[in-house]
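# Examining the three-dimensional arrangement
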2 protein chains.
Amino acid sequence: MLSKKAQYAFRALTSLARNEGKGPLPISNIVKEHPMSVKFLETILLELRKSDILCSKKGKGGGYFLMSPPEKINLAQVIRILDGPIAPLKCVSLHFYERCDDCNEVSCGLNKLMAEVRDANLQVLEKRTLRDLI
Amino acid sequence: MLSKKAQYAFRALTSLARNEGKGPLPISNIVKEHPMSVKFLETILLELRKSDILCSKKGKGGGYFLMSPPEKINLAQVIRILDGPIAPLKCVSLHFYERCDDCNEVSCGLNKLMAEVRDANLQVLEKRTLRDLI
DNA sequence: GTTTAATCCCATAAAATATATAGGGTTATA
DNA sequence: TATAACCCTATATATTTTATGGGATTAAAC
């Protein structure tokens, strides 16, 4: 399940994608469209900025805007930043791999099946972008 | 990500599937194959029994065994029992549906995309069974 | 019928994670 | 200089996950 963080992020990103090319959009405006805690959203957008999904402009007239056009930002990227691995097990994760010390990856049947699940997810999540969201 | 509960469950189910037709397998034996907390596994197997995945026999010589042959038990069933929804959002879940009060399901773009993700998962998880695990 | 080996049941403790808030600092514009 | 914005870090709160404890019940073996 997507965390609230990821859900809020997608809502904010929807606003930001719609606002593309129109300059920075302040948090206060995003929250008008999508009611949620300003402070919580602040930490989320900060995370997205540090991960190069967003840019920001400080001071009066400032706000956030997308670093790339919406069709260049896929859902997998966003989910990984806020929720971590997309794979159902660390031992089959491409971006968050960790060895499984309780099972042997060569003989472990769950491994192989969960890699299939991972791929099925990535098929969708890496193909779909913020453009599909608006 | 799969919870530990689900992971332990799959390990235990692997043992139980291999033991098919050979009578009840006690927890103590499962734990010999897959080191984990006996008490924790106990609650997991109890849950699987109450959900009609397993049967049990009490008393000396007792233990657990599969209620159906391994090829009749798919991974989606098991995950739903222990971890709940497979869908990334309740509002697109088939078995745990809840209305999304923050967004309109007709116009919400995330909804549609997450339904795609759900289906991609189910493609794999409902096709694969305990037989594929052994 | 007593011992033993198993599941059953329920409560709760402990740890980890997710969610949210607080408060001040920094920057840019008017 | 006032204002409106983001920046940063810490911490509080709530929820969920993980694990444990202590018996009660059942059935086989002796």
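## Description of the relation of the copies chain A and chain B
Rotating chain A by 180° and moving it 0.0 Å along the rotation axis overlays it on chain B with an RMSD of 0.0 Å. As the rotation angle and translation indicate, the two copies are arranged about a two-fold axis. Relative to the rotation axis, the C-alpha of Ala120 of chain A is the closest in chain A, positioned 2.7 Å from it. Both copies share a contact surface, since 100% of the interface residues of chain A are interface residues in chain B too.

## A word on the pattern of salt bridges
Per the counting criterion, the structure on display carries 20 salt bridges over all chains. In this structure, Lys5 of chain B engages Glu47 of chain B in a salt bridge whose closest nitrogen and oxygen atoms are separated by 3.4 Å. On the criterion of sequence distance, the pair formed by Lys5 of chain B in helix 1 (residues 4–18) and Glu47 of chain B in helix 3 (residues 38–50) is long-range, its members being 42 residues apart. Here Lys5 of chain B falls in the partly exposed class, since its relative accessible area comes to 26%. Each of Glu20, Glu71 and Arg131 of chain A takes part in a single network of salt bridges with overlapping partners.

## So, the confidence of the model for chain A
Should pLDDT be low for a region, the predicted coordinates there are not to be read in detail. Here chain A averages 93 in pLDDT, while 97% of its residues score no lower than 70. The least confident element of chain A, judged by mean pLDDT, is helix 2 (residues 27–33) of chain A at 93; the most confident is helix 4 (residues 75–83) of chain A at 97.

## What to know about the interface of chain A and chain B
When the parts of a complex come together, some accessible area is lost, and that lost area is often taken as the interface size. Contacts between the two partners involve 27 residues from chain A, matched on the other side by 27 residues from chain B. Taken together, both faces of the contact between chain A and chain B bury some 2,400 Å²; the carbon and sulfur share is 70%. By the criterion of area lost to chain B, the three top residues of chain A are Met1, Leu110 and Leu113 of chain A, representing 22% of everything that side buries. Linking chain A to chain B there are 2 salt bridges. When the shortest N-O distance is used, the salt bridge between Arg128 of chain A and Glu116 of chain B registers 2.7 Å. Inspection of the region where chain A meets chain B yields 5 residue pairs in polar contact (both at pLDDT 80 or more). Per element, the largest residue contribution to the side of chain A that touches chain B is 10 residues, and it comes from helix 5 (residues 109–125) of chain A. For the side of chain A that touches chain B, the residue count by class is 18 nonpolar, 3 polar and 6 charged.

## Looking at the protein's contact with DNA strand C
Near DNA strand C, the surroundings consist of 25 residues, among which Lys39 of chain A together with Ile27, Arg49, Ser56 and Tyr64 of chain B are the closest. Sugar and phosphate atoms form 67% of the subset of DNA strand C atoms that lie within 4 Å of the protein. Contact distances for DNA strand C include 2.4 Å between a phosphate oxygen and a side-chain N or O atom of Ser56 of chain B. Between DNA strand C and Tyr64 of chain B there is a distance of 2.6 Å, counted from a phosphate oxygen to a side-chain nitrogen or oxygen. Of all elements in the fold, only helix 1 (4–18) and helix 3 (38–50) of chain A together with helix 3, strand 1 (54–57) and strand 2 (63–66) of chain B reach the threshold of two or more residues within the surface near DNA strand C. Of the residues belonging to the surface near DNA strand C, the class tally is 6 nonpolar, 6 polar and 13 charged.

## Section: the nonpolar core
Most often, soluble globular proteins have nonpolar side chains that are buried together. Counting 94 residues, the largest nonpolar core has Met114 of chain A together with Met114 of chain B as the members making the most contacts within it. Beyond its immediate sequence surroundings of up to four residues, Met114 of chain A is in contact with Pro88, Leu89 and Val92 of chain A together with Leu2, Leu75, Ile79 and Leu125 of chain B.

## As for the side chain of Arg80 of chain B
All names here are of chain B. Along the chain, Arg80 turns up in helix 4 (residues 75–83). When its relative accessible area of 13% is taken as the criterion, Arg80 is described as buried. Of the polar contacts made by the side chain of Arg80, one reaches the side chain of His95; its length is 3.2 Å. There is a polar contact of 3.3 Å between the side chain of Arg80 and the side chain of Glu126. Filtering out sequence-adjacent residues up to four positions away, Arg80 remains in contact with Ile86, His95, Phe96, Leu122 and Glu126.

## What to know about the environment of Met36 of chain B
Residue and element names in this part refer to chain B. Its location among the elements puts Met36 in the loop between helix 2 (27–33) and helix 3. A sequence separation of 55 residues divides Met36 from Cys91, and the C-alpha atoms of the two residues are 35 Å apart. Those residues within four positions of Met36 in sequence are excluded, and the remaining contacts are Tyr8, Arg11, Val31 and Leu41.

## So, the protein's contact with DNA strand D
The environment of DNA strand D is made up of 26 residues, and the closest members are Ile27, Arg49, Ser56 and Tyr64 of chain A together with Lys39 of chain B. Separating a phosphate oxygen of DNA strand D from a side-chain N or O atom of Tyr8 of chain B is a distance of 3.5 Å. In terms of residues, the surface near DNA strand D owes the most to one element, helix 3 of chain A, which gives 5 residues. Considered class by class, the residues forming the surface near DNA strand D number 6 nonpolar, 7 polar and 13 charged.

Rules of the game
Residues numbered from 1 in each chain as written. Chains lettered and ligands numbered in written order. Predicted model: local features only at pLDDT ≥ 70, side-chain atom pairs only at ≥ 80, totals over all residues. Heavy atoms only, no water. Least-squares fit on C-alpha atoms with pLDDT ≥ 70 in both. Contact = heavy atoms within 4.5 Å. Salt bridge = Lys/Arg side-chain N within 4 Å of Asp/Glu carboxyl O. Helix = DSSP H or I, 4+ residues; strand = E, 2+ residues; numbered from the N terminus. Buried < 20%, exposed > 50% of the residue type's maximum accessible area, 1.4 Å probe, protein only. pLDDT = per-residue confidence, 0-100. Buried area = accessible area lost by both parts, 1.4 Å probe. Polar contact = N/O pair within 3.5 Å; in protein donor to acceptor, adjacent residues only side chain to side chain. Nonpolar A, V, L, I, M, F, W, Y, C, P; charged D, E, K, R; others polar. Near = heavy atom within 4 Å. Core = buried A, V, L, I, M, F, W, Y, C linked by side-chain atoms within 4.5 Å.

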